[in-house]
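# Commentary on secondary and tertiary structure
Chain residues, written in single-letter form:
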Amino acid sequence: MTDATTTTTSLNKFEKIKAEKDGLAVKAEIEKFASLGWEAIDESDRDYRLKWLGVFFRPVTPGKFMMRLRIPNGIVTHQQMRVLAEIVQRYGDDGSADITTRQNIQLRGIRIEDLPDIFQKFRTVGLTSVQSGMDNVRNITGDPVAGLDAEELFDTRELVQQIQDAITNKGEGNPEFTNLPRKFNIAITGGRDNSVHAEINDLAFIPAFREVSTQQGCQSRRFGFNVLVGGFFSSKRCEAAIPLNAWVPPEDVVALCRAVLEVFRDCGLRANRQKSRLMWLIDEWGLEKFRCEVENRFGKPLLSAAPKDEIDWEKRDHIGVYKQKQPGLNYVGLHVPVGRLTAEDMFEIARLAEVYGNGEIRLTVEQNVIIPNIPDSRLVLFLTEPLLEKFSISPKPLTRSLISCTGAQFCNFALIETKQRALATIQALETELEVTQKVRIHWTGCPNSCGQPQVADIGLMGTKVRKNGKTVEGVDIYMGGKVGKDARLGTCIQKGIPCEDLQPVLRDLLIQHFQAKPKQEALATH
Ligand code: SRM
Ligand code: SF4
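Residues numbered from 1 in each chain as written. Chains lettered and ligands numbered in written order. Predicted model: local features only at pLDDT ≥ 70, side-chain atom pairs only at ≥ 80, totals over all residues. Heavy atoms only, no water.

### With respect to the overall build of the protein
The condition is simple: Only runs of H or I of at least four residues qualify as helices and only runs of E of at least two qualify as strands under DSSP, and these elements are numbered from the N terminus. The reference for a compact globule is 2.2 Å times residues^0.38; the radius of gyration itself is calculated from the C-alpha atoms. Only protein chains enter the accessibility calculation, which uses a 1.4 Å probe; a residue whose area is less than 20% of its type maximum is buried, one above 50% is exposed, and one in between is partly exposed. Contacts were defined at the residue level, with two residues in contact if any of their heavy atoms lie within 4.5 Å. For the accessible areas, the method is Shrake-Rupley and the probe is 1.4 Å, while residue cover comes only from the protein chains on display. In this count, Lys and Arg are taken as positive residues and Asp and Glu as negative ones, while His and the chain termini are left out. In this description, the location of a charge corresponds to atom NZ of lysine, CZ of arginine, CG of aspartate or CD of glutamate.
Per the secondary structure count, the protein includes 16 helices and 23 strands. For 526 residues, the compact-globule estimate of 2.2 N^0.38 gives 24 Å, and the protein sits close to it at 23 Å. Here the C-alpha coordinates of the protein stretch approximately 70 × 65 × 50 Å along the principal axes. The buried share of the protein, taken over its 526 residues, is 60%. Looking at the protein alone, contacts between residues at least 24 apart form 69% of all its contacts between residues at least 6 apart. When the accessible surface of the protein is summed, it comes to about 20,700 Å², and 51% of that surface belongs to carbon and sulfur atoms. Side-chain charges in the protein split into 68 positive and 68 negative, and the spacing between the mean points of these groups amounts to 2 Å.

### Digging into the sheet that holds strand β3 (residues 75-77)
Inclusion rule: Should DSSP find at least two bridges between two strands, the strands are regarded as paired. Axis definition: a line fitted to C-alpha atoms, limited for helices to the stretch in contact. Angles are taken between N-to-C directions and run from 0 to 180 degrees.
Read from one edge of the open sheet, five strands run β3-β15-β16-β13-β12, paired in antiparallel fashion. Each end of this open sheet is capped by a strand with a single partner; those strands are β3 and β12 (320-323). In this sheet, neighbouring strand axes are inclined to one another by 30 degrees on average, regardless of whether the strands run parallel or antiparallel. Summarising the sheet, β12 and strand β13 (residues 329-334) pair through four bridges and their orientation is antiparallel. Looking across to β13, one finds that lysine 323 is bridged to asparagine 330. Against the sheet, helix α4 (residues 78-89) contacts β3 and β15 (360-363), and its axis sits at roughly 80 degrees relative to β3.

### Quick notes on the packing of aromatic side chains
Formally: To pair, rings of Phe, Tyr and Trp, with the six-membered ring standing in for Trp, must have centres within 6.5 Å; the planes then decide the type, stacked if under 30 degrees apart, edge-to-face if over 60, and tilted in the middle. By definition, being over a ring means that NZ of Lys or CZ of Arg is both within 6 Å of the ring centre and within 35 degrees of the ring normal.
The final tally for this structure, using the stated rule, is 12 aromatic pairs. The interplanar angle of 40 degrees and the centroid separation of 5.4 Å between the aromatic rings of phenylalanine 184 and phenylalanine 264 together place this pair among those described as tilted. Placement of the pair is phenylalanine 184 in the loop between α6 (157-168) and β6 (186-188) and phenylalanine 264 in helix α7 (residues 253-267), with a sequence separation of 80 residues. A ring pair is formed by phenylalanine 205 and phenylalanine 225, whose centres lie 6.2 Å apart and whose planes are at 80 degrees; its orientation type is edge-to-face. Residue phenylalanine 205 is found in strand β7 (residues 203-213), and its partner phenylalanine 225 is found in strand β8 (residues 219-229); the two are separated by 20 residues along the sequence. Since its relative accessible area comes to 0%, phenylalanine 225 is described here as buried. In textbook terms, an aromatic cluster arises when at least three aromatic residues are bridged by ring pairs, as seen for Phe154, Phe205, Phe209, Phe223 and Phe225. Positioned above the aromatic ring of phenylalanine 57 is the side chain of arginine 46, whose terminal nitrogen or guanidinium carbon lies 4.2 Å from the ring centre.

### What to know about the site of ligand 1
The criterion, for reference: Whether a residue is near a molecule or strand is decided by its heavy atoms; if any one of them lies within 4 Å of it, the residue is near. Polar contact criterion, stated in full: a pair of N or O atoms within 3.5 Å, where within protein one must be able to donate a hydrogen and the other to accept it, and residues adjacent in sequence count only if both atoms are side-chain atoms. All amino acids are sorted into three groups, where Ala, Val, Leu, Ile, Met, Phe, Trp, Tyr, Cys and Pro are nonpolar, Asp, Glu, Lys and Arg are charged, and the leftover types, Gly among them, are polar.
Contacts to ligand 1 come from 31 residues, most closely from Thr100, Arg108, Lys183, Thr406 and Cys450. Here arginine 58 contributes a side-chain N or O atom positioned 2.8 Å from an oxygen atom of ligand 1. Between an oxygen atom of ligand 1 and a side-chain N or O atom of arginine 108, the distance comes to 2.7 Å. Considered class by class, the residues forming the shell around ligand 1 number nine nonpolar, 13 polar and nine charged.

### A closer look at the packing of α7 against helix α8 (residues 278-285)
Two measures define how a pair of helices packs: the angle their axes make with one another and the distance between the axes. Which entries qualify depends on this criterion: Roughly parallel means an angle under 35 degrees; roughly antiparallel means over 145; roughly perpendicular covers 65 to 115; every other angle is labelled oblique.
Orientation of α7 relative to α8, taken along the N-to-C sense of each, is 80 degrees, at an axis distance of 11 Å. On the basis of the axis angle, α7 is roughly perpendicular to α8. Contact residues: α7 offers Val260, Val263, Phe264 and Cys267, while α8 offers Leu278, Leu281 and Trp285. Looking at side-chain class alone, the contact of α7 with α8 contains seven nonpolar, no polar and no charged residues.

Shown next, in the form of structure tokens:
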């Protein structure tokens, strides 16, 4: 390894923790931790290594941990959803869950003494939370309507599962990939609308047709993926992924993931945590050398990229009722305000999926839920279900596209509270403005950018601001993010607005850039 071979004294704190004991080693110690209680566990096990099992110590709520699952392609069964609901239900008001910006679920309120039981429950329904935090590959995202969408070019479900299985040893943990230099994000899309934000992943596969030579020496047009590398957000730097100039057929995707991860693991920069994501290695080496190293690990020549990819649609949010490719079946997207779920909501989602659909539930990177496979004959009744009053299929345009990271309620990096503030601000704006178009407003509590403000129409990033001699919660405003085809990152257009002064600023932006009208004026022109 490049700088992992340097002496332990020169290693940064996280490299030292990993060198002393692999993160995955705590798997064998869960029973012991449960009987010790959270206060007696060794601090580096409790605060860091447990994240290799998806268990996050929360300094904001000590003793009540967060658990981050892995939900490949964002697909959960009704049995799995019930198990997750039962887990958070036992914690009463402390328990809740969030749908994340990686099509995933996080549970709140978890007590360490319950971990053996929780992992046992996960096993019975095929859930895993392994390698979901720290220097591991995060939840792998895929098209939320894979296998349902009549226009899709490729159904991503199986491939996403195969990649997860390879990286996590089928959810049991895989020491081959538990000591990466930093976190790593993978996305794969087979639809035309880039539903996974491919451009903000360290490694992404986007659909593309290419001429390839057959064994008989003829040319034929085949489906596969162009490969993007190096996309990431961090507090110091944000980059969109760049083309690797490589195309792979579906059957080579897992091998290419392995090859890129091996190069990152063995050669990635480890000295400075702020400069350890994949793009920093690509910068240091240049794309040609990086591609060459990946090709060596891949074990055969990489074909050059297809001249054009197939991402040519605007991004869909899937909220509402849509026909599936299977005749007579529908999928229905429900809007879950800022992704927050109670145990009761989760039981209800599981019930609706079982009673009306085939038991399956899908999650989106917009922190929403899709219930697929509802027959035409059951649709009208489904739409009368009380849960749809809370999780609407036709929310107002600003509410509809609202995203928020966890923020100060549970996250110790947060500079501001986000979720409640995001909801209150949007409600106030919708009271005073008539807005007819969707406006994607993303809140993120600090520059780590978990709420992806750079992909938003209006992105709000938490910061601290001085006002009247006091430090108050504020935001920097980002604009210009474009998703779907021709995706590009937005940039900061205004810095340091105190949150208490934000509403009129947003109001003006909505009027100037998104055709919003004050309600009085809108009434007069009708
Ligand atoms: Fe994130 C760290 C929450 C998506 C960039 N992120 C954290 C931690 C673990 C910090 C902590 O220990 O408190 C947050 C946990 C708070 C909590 O209690 O929930 C956290 N990140 C989240 C989630 C839950 C936000 C959400 O509300 O949806 C998302 C979980 C995704 C998942 O299921 O795995 C989440 N984080 C993202 C994304 C968006 C994405 O992947 O599309 C990003 C930007 C993309 C990227 O990583 O390139 C992101 N999170 C970060 C970073 C900055 C990484 C860096 O290279 O510096 C950190 C800080 C770090 O890793 O040191 C971070
Ligand atoms: Fe926490 Fe910051 Fe990520 Fe929000 S953006 S979840 S505040 S680390």
